[in-house]
Amino acid sequence: RQPKPQNAITVAVSSRALFDLVEERRIYQEQGVEKYVEYQQNNENVTLKPGPAFYFVKALEHVNARLLELYPDDEERFDIVLMTNNHAQVGVRLINSINHYGLTIERFCMTGGQSPIGYLTAYLTNLYLSADSEKVQEAIEAGIASATMFTANKDVSYSDTQLRVAFDGDAVIFSDESEQIVKEQGLDRFFEHEQLNENKPLAQGPLKGFLEDLGKIQKKFYAKNERLNCPIRTYLVTARSAASSGARVLKTLRSWGLEIDEALFLAGAPKGPILVKIRPHIFFDDQMFHIEGAQKLGTIAAHVPYGVAQKYNKSS
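Residues numbered from 1 in each chain as written. Predicted model: local features only at pLDDT ≥ 70, side-chain atom pairs only at ≥ 80, totals over all residues. Heavy atoms only, no water.

Peer 1: Honestly, the environment of A302 in this entry has me stumped. Any pointers?
Peer 2: Relative to the helices and strands, A302 resides in strand 10 (residues 301-303). Sequence separation between A302 and Q31 is 271 residues, and the spatial gap between their C-alpha atoms is 29 Å. Setting aside chain neighbours within four positions, we find A302 in contact with A147, T148, M149, I282, F283, F284, D285 and I291. (Helix = DSSP H or I, 4+ residues; strand = E, 2+ residues; numbered from the N terminus. Contact = heavy atoms within 4.5 Å.)

Below you can see the structure in the form of structure tokens.
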């Protein structure tokens, strides 16, 4: 039974994020929509390969299964919605592939070439993942937590029993106010500013709500004495230095009543090697430099197009 949208944590995923549609996309771009639809219908019994969001979705469904064991009548769980601007004629191949992998995706929104962004609000979407950066930008501007998915450049194995989500801090969980100071006034002024404002919580960023959602679900496991066996683990992976600018971050999380399982302050060191150890199902960052570094080493990364760093991302 699907949870009612008002009780669920709704994760909307595009078809190109859920499945590998690189070849199909090429046909669409080179030969047009009619040939694309024809190709999809002719291949509707050919199972699509997993895309960048696939293992994240699988991990969400594992959390749901554990929740249902502990709380059989509770509707507070993840609800995956396929949100795509595909035409309805392509739906059979998507349904066949979803059923092949045993995914529980009952809600489809197929907009036939129109932008699906308007429907995200109607579906009470908590997180939107897409391979289309323009749609993600549109969603962020509409106040919806969103990120552009990028496939890892290497195959790695992911945990089947624990959803692992890694977040950058500034302009992802927190606002970009501190990042603005780094970009505009330099690192020394940033350290000074953070120490002066150590006890003033940072404003929230676009993914604070989703971290909150994960924390809410974690607490349901803790309430059943399952803390050590919790199927969700969260990570803060930040370029900040701990001694110089870490206290404000930790105090902000505390002021929000949020716990993060692991906090890694890298003091400007590359994030890729640390992420290899964590093996998150998804890593959110606002800077393409970190996304590309993570990708190269096999991490599935999701770009959050928010904040001052986007002015500096344009060349990427």
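Moving on from the model shown.
Peer 1: Explain the sheet that holds strand 6 (residues 163-167) here, please?
Peer 2: Two pairing modes exist for strands in a sheet, parallel and antiparallel, and in both the strands are linked by backbone hydrogen bonds. Strand order in the open sheet made by the 10 strands is 3-2-1-4-5-10-9-6-7-8, with mixed pairing throughout. The open sheet has two edge strands with one neighbour each: strand 3 (107-110) and strand 8 (262-265). Along the sheet, successive strands turn relative to each other by an average axial angle of 25°, direction set aside. Along the sheet, helix 5 (residues 91-100) contacts strand 2 (78-84) and strand 3; its crossing angle with strand 3, the most-contacted strand, is approximately 150°. (Pairing = 2+ DSSP bridges. Axes fitted to C-alpha atoms, helices over the stretch in contact; angles between N-to-C directions.)

Peer 1: What should I look at first to understand the domain arrangement of the protein chain in this one?
Peer 2: For an interface, size is often stated in terms of accessible area lost upon the parts coming together. The domain architecture assigned to the protein chain consists of domain 1 (5-149) and domain 2 (163-314). Once you take the C-alpha centre of each, domain 1 and domain 2 turn out to be 25 Å apart. The interface is formed by 28 residues belonging to domain 1 together with 27 residues belonging to domain 2. The contact between domain 1 and domain 2 buries some 2,300 Å² in all, and 72% of this surface belongs to carbon and sulfur atoms. Among the salt bridges present, the one from E76 reaches K216, with a minimum N-O distance of 3.6 Å. (Domains from an automatic or database assignment. Buried area = accessible area lost by both parts, 1.4 Å probe. Salt bridge = Lys/Arg side-chain N within 4 Å of Asp/Glu carboxyl O.)

Peer 1: Before we go on, may I ask you to explain the packing of helix 9 (residues 187-196) against helix 11 (residues 242-255) in this structure?
Peer 2: The description of two packed helices rests on the angle between their axes and on the distance between the axes. Two numbers describe how helix 9 lies on helix 11: the axes approach to 8 Å, and their chain directions differ by 45°. One element, helix 9, and the other, helix 11, form an angle in the oblique class. At the point where helix 9 passes helix 11, the crossing takes the left-handed sense. Facing helix 9, whose interface residues are F190, F191, H193, E194 and Q195, helix 11 presents A243, S244, S245 and R248. Of the residues that constitute the contact of helix 9 with helix 11, the class distribution is 3 nonpolar, 4 polar and 2 charged. (Parallel < 35°, antiparallel > 145°, perpendicular 65-115°, else oblique. Left-handed = near helix turned anticlockwise from the far one by under 90°. Nonpolar A, V, L, I, M, F, W, Y, C, P; charged D, E, K, R; others polar.)

Peer 1: Explain the nonpolar core to me, please; I cannot follow it from the model alone.
Peer 2: General note: in soluble globular proteins, nonpolar side chains tend to be found buried as a group. By size, the foremost hydrophobic cluster in this structure holds 73 residues, and its most contacted members are L18, F56, F78, F167 and F284. By residue number, the principal contributor to this core is helix 4 (residues 54-70), which donates 7 residues. Looking at this core, you find at least three residues from each of domain 1 (5-149) and domain 2 (163-314). Contacts of F284, omitting those with residues within four sequence positions, involve L127, L129, A147, V165, A166, F167, D168, V172, L207, A302 and V304. (Core = buried A, V, L, I, M, F, W, Y, C linked by side-chain atoms within 4.5 Å. Buried < 20%, exposed > 50% of the residue type's maximum accessible area, 1.4 Å probe, protein only.)

Peer 1: How do you make sense of the side chain of S97 when you look at a structure like this?
Peer 2: Looking at where S97 falls in the secondary structure, it is placed in helix 5. Residue S97 is classed as buried on the basis of its relative accessible area, which comes to 1%. The contact partners of S97, leaving out residues within four places of it in the chain, are F19, V46, T47 and L48.

Peer 1: Even after reading the chapter, I still don't get the packing of helix 8 (residues 177-185) against helix 9, so can you show me in this structure?
Peer 2: Close contact between helix 8 and helix 9 brings their axes to 7 Å; oriented N to C, the two are set at 150°. Our classification of the angle between helix 8 and helix 9 gives roughly antiparallel. When the axes of helix 8 and helix 9 are compared, the crossing they make is right-handed. When helix 8 is examined against helix 9, the residues E177, S178, I181, V182 and Q185 are found in contact with a partner set consisting of L187, R189, F190, H193 and E194. In terms of residue class, the contact of helix 8 with helix 9 is built from 4 nonpolar, 3 polar and 3 charged.

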